[in-house]
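The chain contents come next:
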Amino acid sequence: MARRPCRFGPVLSVILALAACTAPPPPPQAEPAPPGPPVQVRVDVAVPGLGAGELEVHVVAPLEDALARLPAVRRLHARSVDGRADVVATLTDAGAIAVVRDALGGVLSQLPPATEPPTIHRLDGLQPALALATLPESADAIRSALQRTVGVGRVDVCGVGERRLAVVLDRSRLAGVPIDALVTAVGNTLAEPDAPPLFERLVTRPITATLQLRDVAVLQDGPRLPCRAYAARGPVTLVTAFTQSGADPRDVAARARPHAVDLVSPTLDFFADPVPADGELAVLGATLPPRDDLGSSVAACLAAVPDLPAWALTVTEPGPGQPLARVRLLAGLAATFPIEHVRSALSKCTATAQVAVLAPRAHADHVVSLAVQGPDPDLRAGLARRLAERLAGLRGVTGLRVLAPDPDAQAIRLRREALAARGVPLDAAVTAVRLAAGPLTVRGPLPALGVRPWPELEADIDMLDRTGPLDQLVRELHVASPSGPIPLSDLVELQASSGGPLDRIDRVPAAAVEVRLRSAADGDAVRREINQLELPPGVVVAEGGELPDMGP
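Residues numbered from 1 in each chain as written. Predicted model: local features only at pLDDT ≥ 70, side-chain atom pairs only at ≥ 80, totals over all residues. Heavy atoms only, no water.

Enquirer: Explain the overall build of the chain to me, please; I cannot follow it from the model alone.
Expert: Counting secondary structure elements, the chain contains 14 helices and 26 strands. Burial status across the chain gives 46% buried among its 552 residues. Put simply, 77% of the contacts in the chain that link residues at least 6 apart link residues at least 24 apart. Accessible surface, the chain: about 28300 Å² in total, of which carbon and sulfur atoms supply 55%. (Helix = DSSP H or I, 4+ residues; strand = E, 2+ residues; numbered from the N terminus. Buried < 20%, exposed > 50% of the residue type's maximum accessible area, 1.4 Å probe, protein only. Contact = heavy atoms within 4.5 Å. Areas by Shrake-Rupley, 256 points an atom, 1.4 Å probe, with all protein chains shown as cover.)

Written out as structure tokens, the structure is:
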């Protein structure tokens, strides 16, 4: 009898279907954590005596090479000015900062011998939360209190100067005076641990057999104030707290205000006026030609504005390669005095229409950067200035910043054959060149064992008057030689120079224009102006966001 074939297919399908219905669901897959926000770090490198062009080659290029190899680096922006280079790296996350430090450690041996140790600052996410106007003697206590407050990431102080001795030279008395001998005399005085005060020793210091320092210079002993602060009551010291990355400025201010104010206000001789008294802190800015009464005149005008909320004003001297002073107004936001009213008040008091709102973020102006890229540095710089001139008159523009070398800048080049022929040591000529180019800071030399049992002292040497062409100053300065003092002009030649700032964006040389606008919609007018600008072959204008903060 033949067997009937067994058909298990339908039965097996039913069993499998029932198993699928009754089996427990697979465990949920963990979703990957969203990437953290990008962060920015600035690497500062100082090399005294090195020009901007040399810094690009010997400092910026090795740093860029080391950082560009890191997977976490998204963007690089470098800037060189005479004596200093800054490189800002935009990173994928905060964890990459340690990798940046390691990369820098590996490149230090490639930098010039005179390079000072690089420093790293984190830039992103910091928002001003609270400012306190006070007196210099209470600034340290307030700064310490703010630094201990949860959520505070950085504390800046304006209006407290580092005590410095200044030797200010009178050009009319320098004929035949060897500048290298003068600088050496100041340095030797700084190195002496003698009992008489430094000021008295410097005044009577002999430069030559017949000259003392007081015969050619005025000595000043006092604080140096690169940043000055004012409030309605007059000159003050301003202590400003910035948030940690991501912290809410209002929360940080609410925590910091009582603790810092209570340190000072109960004492009769001191005060601590918080800005804002409550609410949010607004920061507005403008750039203006520097003058001695700039801060006091603007502050007096602001003090006369009715109903202006609590405010403080800072004026910062122009940085290297920058011709304009930076003015910042910090004011409380109030419903009765909106941000546009604050802008109008500062515009009136500074006599400029270009006043930008920098903070808080909800009110800040829109920022567009325009990088002019091309092979010719002079052409890049010229086009950037032309572009800025076209944009300056546009409605909605609240601020303009051009980052390009000064077209009239000059460089001083030593003629080594002339040094050899006249018997002038190289270091003596370099000292005179550095003083011709700008102020010179002199430090006392270390003792033989490298240990100084007394504090290190410094003195700034500068000219009482630097007006007039550079070639005139070069003729007036003299250097010692075996045959007697000779003019520096016999040992050098002047050349046109792109002394800085020299910018590189993602390792491409560029001259940049940063434009602040009332709103993003105003960017359309900027783009129309770019399209109407006739660009030479090989030159492009690349649009980007806000340029990173360079400098301390």
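Enquirer: Sorry, what's going on with the packing of aromatic side chains here?
Expert: Within this structure, the stated rule accounts for zero aromatic pairs. The ring of F271 carries R233 above its face, with NZ or CZ at 3.6 Å from the centroid. (Phe/Tyr/Trp six-rings, centres within 6.5 Å; stacked < 30°, edge-to-face > 60°. Lys NZ or Arg CZ within 6 Å of the ring centre and 35° of its normal.)

Enquirer: Even after reading the chapter, I still don't get the state of the cysteines, so can you show me in this structure?
Expert: Joining two cysteines, a disulfide is a covalent bond between their sulfur atoms. Under the criterion given, the structure shown has two disulfides. At a sulfur-sulfur separation of 1.9 Å, the disulfide partner of C158 is C227. Judged by the torsion about the S-S bond (-100°), the C158/C227 disulfide is left-handed. Note that C158 is positioned in strand β6 (residues 152-158) and C227 in strand β9 (residues 227-231), a separation of 69 residues in sequence. Here C158 matches C227 in class, with each residue buried. One disulfide bridge connects C301 with C349, the sulfur atoms lying 2.1 Å from each other. Residues C301 and C349 are joined by a disulfide whose S-S torsion is about -75°; by sign, that bridge is left-handed. (Disulfide = S-S within 2.5 Å.)

Enquirer: What is the right way to look at the confidence of the model for the chain in this model?
Expert: Close inspection of predicted coordinates is inappropriate for parts of the model with low pLDDT. With 86% of its residues at a pLDDT of 70 or more, the chain shows a mean pLDDT of 84. Looking at the elements of the chain, mean pLDDT is at its lowest for helix α1 (residues 9-22), recorded as 48, and at its highest for helix α8 (residues 294-303), recorded as 96. In the predicted structure, residues 14-20 sits below a pLDDT of 50 and forms zero contacts with residues beyond four places in sequence or in another chain. The low-confidence segment residues 448-455 (pLDDT under 50) makes seven contacts with residues lying over four places distant or belonging to another chain. (pLDDT = per-residue confidence, 0-100.)

Enquirer: How should the packing of helix α4 (residues 136-147) against helix α7 (residues 249-264) be read in this particular structure?
Expert: Geometry of a packed helix pair, given as the angle between the helix axes and the separation of the axes. Interhelical geometry of α4 versus α7 gives an angle of 155° and a closest axis separation of 9 Å. With respect to α7, the element α4 is oriented roughly antiparallel. Read as a crossing pair, α4 and α7 show a hand that is right-handed. Facing α4, whose interface residues are S138, A141, I142, A145 and L146, α7 presents A256, H259, A260, L263 and V264. Partitioning the contact of α4 with α7 into residue classes produces eight nonpolar, two polar and no charged. (Axes fitted to C-alpha atoms, helices over the stretch in contact; angles between N-to-C directions. Parallel < 35°, antiparallel > 145°, perpendicular 65-115°, else oblique. Left-handed = near helix turned anticlockwise from the far one by under 90°. Nonpolar A, V, L, I, M, F, W, Y, C, P; charged D, E, K, R; others polar.)

Enquirer: How should I be thinking about unusual backbone geometry in this particular structure?
Expert: Across the chain, the bulk of peptide bonds are trans and the bulk of non-glycine residues have phi less than zero. That bond from V275 to P276 is cis: its omega, 0°, falls within 30 degrees of zero. Along the chain, P276 turns up in the loop between β11 (273-275) and β12 (281-288). Of note in the backbone geometry, A351 takes a positive phi value of approximately 60° without being a glycine. As for its position among the elements, A351 is in the loop between α9 (339-350) and β15 (356-359). Under the relative-accessibility criterion, A351 is labelled exposed at 73%. With phi around 70°, R507 is a residue other than glycine that occupies positive phi space.

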